Amino acid sequence: MRMRRPSLFALLGLRAASRASGGGGARPAGSGRFVDHVRRDPATMLGLVIVTTLILVAIFAPWIATYEANQNAGAILARPGWEYPFGTNFQGRDLFSRVVLGSRNSLSVAFPSVALAVAIGLPVGMLVGFIGGRVDSAFLRLFDILFALPTILFAIALVAYLGPSLENLILTIAILYIPRVAMVARGPTLSVKTREFVLAARSFGAGSLRILRQHILPNIMAPVLVESSLLLSEALLTEAALSFLGLGVQPPEPSWGADLGKGRQFMELGAHQVIFPGLMIMVAVFGFNLLGDGLRDYFDPRIRRQR
Amino acid sequence: MGRYIVRRLLLLIPVVLGVTFLTFLLIRIIPGDIVTRMMGVTIANNPETRALILSELGLDRPLLEQYVWWLGRIFLQGDFGYSFIHGGPVIDQILSRGPVTLQLGLMSMAIAIAIGVPLGVLSAVKRGTALDLLARIFALLGISTPSFFTGTLIVVFGAIWFPKVTTLGYVPFTEAPWESLSRMLWPALALGLGIGAIILRYTRSSVLEVLGEDYVLTARAKGLPEAAVVFVHALKSALIPVITAIGLWSAFLVSGAVILEEVFAIPGLGRLVLSAIENRDYPIIQGTVLFLSLVVALVILVADLLVAAVDPRVRLH
């Protein structure tokens, strides 16, 4: 029964990646350089451009922004135009500057939370898969439980417990994603551990830790990398959702989700207040999704042929 | 089949127990004091009154005992307890608001399936054509757009451009069925588009995979028309994993519904639990999460049973 249930990969439209990693050889499944792959695939190229631009904007935000985030720009609810490219909000703050500066908050929640989830989820998943048996069944049962939970309620309760700050947002999102990463690391570990080269290493007297690090880890990095880039897009969405509900980044700090939520109050006086923060969330998530798809295709040549 | 159903129902028990226990633990570590919320600061600061209230509510007992008590009352007497804040029975709240959230969820899922499955199949069958490209761009945009953004746009532009068509606000289905459906259509669309995009991507890759199988090749080699190959041979096995996936996505749907209820001011379980978390109203939070998780677990179960009914390999495994 359990075997027929689609993996998380599959649920995210990533059937092929899980198959590639499961059946992958001793080497990671990618063939050829990623650069060549990107050059052939405009979608991945677009994703890479969006993500790179986003990171650059976040780094140089204070120099790009024309006003400070909470500075009165001199006009309340101004329409988008030459002076204020994205208009101003009901407090007279320049939305272009807020959106630019807000990228810092979004990325500085998304990247660390996914990194933390991988740092904990990856070893846990590998261990669970490596030990197998009862430990593995217990883990799957736990995963069933977590899957039936409405995650946003859990996130809300966790943030309510920890208090809304950037660090707590990172921690909350990381906790939500640890089981996801663990699940992705577990699958390929299960299949790689029975392969000949692992048996060979063991017959040469290699210890479990050495086998995990030297032989299994390199073989499961591909699916974990793909999952991470998709989790980044989800982390952006979750941060935006929590901030939208007023539980994430707290105003007057600039944040796409919070600005979108705040903009709703006076939206009949200017739709630009919700459109630009919302579009930024969309574009950022779109970029990470494209990049994730591209990575998956790169690691799985079979899918590439199918297209 | 009968034995399979029984086995699956038994497996439901640990899942529900686990969900409720996790919720129980989590909401009790949320700081914020229920006594202060109920009685105000003056009374809450009096240690004797405070102890009295805590023991009245059963909050002075060990955590595990509280949990067993709560669960026992539900299963033995059908008693979900009473709200700490307004004193009404929790079950009344769930029964009055549950249908609202269920209506939103069902309509969203119907929209998502109606968009995702046919477009996914078409996109796979017509792989490489302009239609496929369009469907994939739509899918990518769909999964990249947060439902609360789609929802907000509908609220903003609906009010500006089509004030007659986009009447918002909630009307119970039992009072005015047509009115209720047409008003709920907008939030359901905001939620359904995103999930529809996920289903589309998933259906597409599932169909693509099956189209590459040997038996499809055989069917083609026999000279069957392409439509027969797709509809008779490929679709049946391609859509089985899609059913399971749709079941699993119902948890995601519940999360989306919570936010959209906030956007569209729909008085469902999502808004109930949001305010309960703010007020530390434990019985409401516990009861609602238990109810929602039960619904999700049941939907997953129904999807699995459907799959088992179609695919004998599953129930014999």
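These numbers come from a predicted model, not from an experiment. (Residues numbered from 1 in each chain as written. Chains lettered and ligands numbered in written order. Predicted model: local features only at pLDDT ≥ 70, side-chain atom pairs only at ≥ 80, totals over all residues. Heavy atoms only, no water.)

Participant: Please set out the overall build of chain A residue by residue, giving values where relevant.
Facilitator: Check the secondary structure of chain A and you find 14 helices and zero strands. When each of the 307 residues of chain A is scored for burial, the buried share is 57%. Of the contacts formed within chain A by residues at least 6 apart in sequence, a portion of 73% connects residues at least 24 apart. Surface exposure of chain A reaches about 12700 Å², of which carbon and sulfur atoms provide 66%. (Helix = DSSP H or I, 4+ residues; strand = E, 2+ residues; numbered from the N terminus. Buried < 20%, exposed > 50% of the residue type's maximum accessible area, 1.4 Å probe, protein only. Contact = heavy atoms within 4.5 Å. Areas by Shrake-Rupley, 256 points an atom, 1.4 Å probe, with all protein chains shown as cover.)

Participant: How would you summarise the packing of aromatic side chains if you had to cite specific residues and measurements?
Facilitator: Ring pairs (aromatic) are described by centroid distance and by the angle formed between their planes. In the structure shown here, the tally under the stated rule is six aromatic pairs over all chains. Taking the centre distance of 5.9 Å and the plane angle of 70° together, the rings of A:Phe111 and A:Phe288 count as edge-to-face. Residue A:Phe111 is located in helix 6 (residues 95–131), and its partner A:Phe288 is located in helix 13 (residues 272–299); the two are separated by 177 residues in the primary sequence. Taking relative accessible area as the criterion, A:Phe288 reaches 2% and is therefore assigned buried. Here the aromatic rings of B:Trp249 and B:Phe252 are separated by 4.7 Å at their centres, their planes lie at 85°, and the arrangement is edge-to-face. On the basis of relative accessibility, which here comes to 13%, the residue B:Trp249 falls in the buried class. (Phe/Tyr/Trp six-rings, centres within 6.5 Å; stacked < 30°, edge-to-face > 60°.)

Participant: Describe the packing of helix 4 (residues 42–59) of chain A against helix 6 of chain A, naming the residues involved and giving the relevant values.
Facilitator: Residues and elements named next belong to chain A. At their nearest, the axes of helix 4 and helix 6 sit 8 Å apart, and the two run at 115° to each other. In terms of orientation, helix 4 lies roughly perpendicular with respect to helix 6. Relative to helix 6, the crossing made by helix 4 is left-handed. Taken together, the residues of helix 6 that come into contact with helix 4 (itself represented by Leu54, Ile55, Val57, Ala58 and Ile59) are Val100, Ser103, Arg104, Leu107 and Phe111. For the contact of helix 4 with helix 6, the per-class residue count stands at eight nonpolar, one polar and one charged. (Axes fitted to C-alpha atoms, helices over the stretch in contact; angles between N-to-C directions. Parallel < 35°, antiparallel > 145°, perpendicular 65-115°, else oblique. Left-handed = near helix turned anticlockwise from the far one by under 90°. Nonpolar A, V, L, I, M, F, W, Y, C, P; charged D, E, K, R; others polar.)

Participant: Give me the lowdown on the nonpolar core, citing residues and values where you can.
Facilitator: In this structure, A:Ile216, A:Ile281, B:Phe148, B:Ile199 and B:Phe264 are the most contacted members of the largest nonpolar core, which totals 156 residues. Beyond its immediate sequence surroundings of up to four residues, A:Ile281 is in contact with A:Leu237, A:Ala240, A:Trp256, A:Gly257, A:Leu260, B:Ser144, B:Pro146 and B:Phe148. (Core = buried A, V, L, I, M, F, W, Y, C linked by side-chain atoms within 4.5 Å.)

Participant: So what's going on with the packing of helix 10 (residues 196–203) of chain A against helix 11 (residues 208–244) of chain A? Residues and values would help.
Facilitator: All names here are of chain A. At a minimum axis separation of 10 Å, helix 10 and helix 11 run at an interaxial angle of 160°. The angle between helix 10 and helix 11 falls in the class roughly antiparallel. In this structure, helix 10 crosses over helix 11, and the sense of that crossing is right-handed. On helix 11, the residues that touch Phe197, Val198, Ala201 and Arg202 of helix 10 are Ser208, Ile211, His215 and Asn219. Per-class residue counts for the contact of helix 10 with helix 11 are four nonpolar, three polar and one charged.

Participant: Break down the side chain of A:Ser103 for me, with residues and values.
Facilitator: All names here are of chain A. Relative to the helices and strands, Ser103 resides in helix 6. On the basis of relative accessible area, Ser103 is assigned to the buried category, the value being 1%. A distance of 2.5 Å separates a polar side-chain atom of Ser103 from the backbone oxygen of Val100. Residue contacts for Ser103: discarding those within four places in its chain leaves Val57, Ala58 and Trp256. (Polar contact = N/O pair within 3.5 Å; in protein donor to acceptor, adjacent residues only side chain to side chain.)

Participant: Please set out the interface of chain A and chain B residue by residue, giving values where relevant.
Facilitator: Listed per partner, the contact involves 50 residues of chain A and 62 residues of chain B. Between chain A and chain B, roughly 5300 Å² of surface is buried when both sides are summed, and carbon and sulfur atoms account for 73% of that area. Taken together, chain A and chain B are joined by one salt bridge. Between A:Asp293 and B:Arg201 there is a salt bridge, with its nearest N and O atoms 3.0 Å apart. Between chain A and chain B we count two residue pairs in polar contact (both at pLDDT 80 or more) in total. Sorting the residues of the side of chain A that touches chain B by element identifies helix 1 (8–11), helix 2 (15–23), helix 7 (133–148), helix 8 (151–162), helix 11 and helix 13 of chain A as the ones contributing at least two each. (Buried area = accessible area lost by both parts, 1.4 Å probe. Salt bridge = Lys/Arg side-chain N within 4 Å of Asp/Glu carboxyl O.)

Participant: So what's going on with the environment of A:Met282? Residues and values would help.
Facilitator: Here A:Met282 lies in helix 13. A sequence separation of 46 residues divides A:Met282 from A:Leu236, and the C-alpha atoms of the two residues are 9.6 Å apart. Those residues in contact with A:Met282 that sit more than four places away from it in its chain are B:Leu141, B:Ser144, B:Thr145, B:Pro146 and B:Phe149.

Participant: Lay out the environment of B:Glu278 with the relevant residues and their values.
Facilitator: In this structure, B:Glu278 sits in helix 13 (residues 269–279). Residues B:Glu278 and B:Ala190, spaced 88 residues apart in sequence, show a C-alpha to C-alpha distance of 26 Å.

Participant: Mind laying out the confidence of the model for chain A, listing which residues take part and the relevant values?
Facilitator: Residues and elements named next belong to chain A. When pLDDT is averaged along chain A, the result is 79; 86% of the residues meet or exceed 70. At the low end of the mean pLDDT range in chain A sits helix 2, at 39; at the high end sits helix 6, at 91. Segment residues 1–29: pLDDT under 50, and 83 contacts once partners within four positions in sequence are set aside and those in other chains are kept. (pLDDT = per-residue confidence, 0-100.)

Participant: Could you give me a rundown of helix 8 (residues 147–161) of chain B, with the residues and numbers involved?
Facilitator: In an α-helix, one turn spans 3.6 residues; hence positions three or four apart end up facing the same way. In a regular helix each residue adds 1.5 Å, so 15 residues correspond to 21 Å; helix 8 of chain B covers 20 Å between its end C-alpha atoms and thus fits that length. For helix 8 of chain B, the full list of buried residues reads B:Ser147, B:Phe148, B:Phe149, B:Thr150, B:Gly151, B:Thr152, B:Ile154, B:Val155, B:Val156 and B:Gly158. Where the residues of helix 8 of chain B are buried, they touch helix 11, helix 12 (256–263) and helix 13 of chain A together with helix 9 (177–211) and helix 12 (250–264) of chain B. (Expected span 1.5 Å × (residues − 1).)

Participant: Pulling in residues and values, what's your account of the pattern of salt bridges?
Facilitator: Residue and element names in this part refer to chain B. Per the counting criterion, the structure on display carries eight salt bridges over all chains. With a closest N to O distance of 3.0 Å, Arg204 and Asp132 form a salt bridge. Within this pair, whereas Arg204 is found in helix 9, its partner Asp132 is found in helix 7 (residues 130–144), the two being separated by 72 residues in sequence. For Glu262, the salt bridge is made with Arg271, and the minimal N-O distance between the two is 3.8 Å.

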